[in-house]
Amino acid sequence: MMALLRPKSTKNLFYMLTLLEIVGTLVLMLYALLWEFGNLVNLPDKHIGFYNFCLWNDTAGELLCLGNEQLQEMGINLLQMALARVCVYSCLVFVMFHLVYVLFVNYTGQREGWKMILIIPFFEIIILSAGLVMFLLQTSQWINLSDFTGGFLALLGTWALLLLQILTVTVYLSWAKLRYI
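Asks: Honestly, unusual backbone geometry in this entry has me stumped. Any pointers?
Replies: One can expect most non-glycine residues to show negative phi and most peptide bonds to be in trans. Its identity is not glycine, yet Phe 37 carries a phi of approximately 60°, on the positive side. Among the secondary structure elements, Phe 37 is positioned in the loop between α1 (2-35) and β1 (39-43).

Dropping the structure here:
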């Protein structure tokens, strides 16, 4: 009797692990992009994120948020910053789609759907990495490694969970392949 239940419970284990990893990814992305407002550096003397660029002004004694013209004068490419924003925020949309797709595949019982579940995190890692690299290349002059706060750490955690999803689904697919040959 135990041998008959084992494959189903193993399949459910992989499904639950994948589901928990996706929910964790979604929570981290929501925290970084909505709760922290996309700020990767959120310190009293500087706020640098996808939607703002504020530096401390010593003469005024306050935080000065720079506009597009001032950012261009500083050598920041606005097109690259906008593309970085689109990449990172579209990753959030794909994570939500991924969650719904995993629920659908489990509900319908399609084994072939797991291959797509494996492809989606690869795509998410690529666009998240591209967005972060573009952002960091444009802002690295004003950011020290110790300046990064919770938003950036949450995006790094997202990246790690996406890698874990790829590993989990790869192990499941190899297990399923051996099981159903």
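There is more to say after this.
Asks: What should I look at first to understand the state of the cysteines in this one?
Replies: Put plainly, a disulfide is one covalent bond tying together the sulfur atoms of two cysteines. In this structure the tally under the stated criterion is one disulfide. Disulfide partner of Cys 54: Cys 65, at an S-S distance of 1.9 Å. Between Cys 54 and Cys 65, the S-S torsion sits near 95°, and that sign places the bridge as right-handed. A residue pair is termed long-range when its members are at least 10 positions apart, and Cys 54 in strand β3 (residues 53-57) and Cys 65 in strand β4 (residues 62-65) qualify at eleven residues. Free of any disulfide, Cys 87 has its nearest cysteine sulfur in Cys 91, 9.3 Å distant.

Asks: Sorry if this is basic, but what is going on with the packing of aromatic side chains here?
Replies: Ring pairs (aromatic) are described by centroid distance and by the angle formed between their planes. One pass over the structure, following the stated rule, counts twelve aromatic pairs. Considering the side-chain rings of Phe 50 and Phe 135, the 4.8 Å spacing of their centres and the 45° angle between planes classify their relative orientation as tilted. Taken as a pair, Phe 50 in the loop between β2 (46-49) and β3 and Phe 135 in helix α4 (residues 113-139) lie far apart in primary sequence, 85 residues in all. We note that Phe 50, like Phe 135, is buried. Ring geometry for Phe 97 and Tyr 101: centres 6.0 Å apart, planes at 25°, overall stacked. Here Phe 97 pairs with Tyr 101, and both are found in helix α3 (residues 78-108), just four residues apart, close to one helical turn.

Asks: Explain the sheet that holds β1 here, please?
Replies: Across a sheet, strands are paired by hydrogen bonds formed along the backbone, either parallel or antiparallel in direction. Ordered in space as β1-β2-β3-β4, the four strands form an open sheet in which the pairing is antiparallel. Edge strands, defined here as strands with exactly one partner in the open sheet, are β1 and β4. Sheet twist, expressed as the average angle between the axes of neighbouring strands with direction ignored, equals 20°. Pairing analysis gives four bridges linking β1 to β2, with the strands arranged antiparallel. Looking at the pairing, Asn 42 lines up with His 47 of β2. Helix-sheet contacts for α4 involve β1, β2 and β3, and the interaxial angle to β2 is about 140°.

Asks: Quick question: what am I supposed to make of the environment of His 47 here?
Replies: By secondary structure assignment, the location of His 47 is in strand β2. A relative accessible area of 21% means that His 47 is categorised as partly exposed. Residues within four places of His 47 in sequence aside, it is in contact with Asn 39, Val 41, Asn 42, Asn 52, Phe 53, Cys 54 and Leu 63. For His 47, the side chain forms a polar contact with the side chain of Asn 42, separated by 2.4 Å.

Criteria and thresholds
Residues numbered from 1 in each chain as written. Predicted model: local features only at pLDDT ≥ 70, side-chain atom pairs only at ≥ 80, totals over all residues. Heavy atoms only, no water. Helix = DSSP H or I, 4+ residues; strand = E, 2+ residues; numbered from the N terminus. Disulfide = S-S within 2.5 Å. Phe/Tyr/Trp six-rings, centres within 6.5 Å; stacked < 30°, edge-to-face > 60°. Buried < 20%, exposed > 50% of the residue type's maximum accessible area, 1.4 Å probe, protein only. Pairing = 2+ DSSP bridges. Axes fitted to C-alpha atoms, helices over the stretch in contact; angles between N-to-C directions. Contact = heavy atoms within 4.5 Å. Polar contact = N/O pair within 3.5 Å; in protein donor to acceptor, adjacent residues only side chain to side chain.

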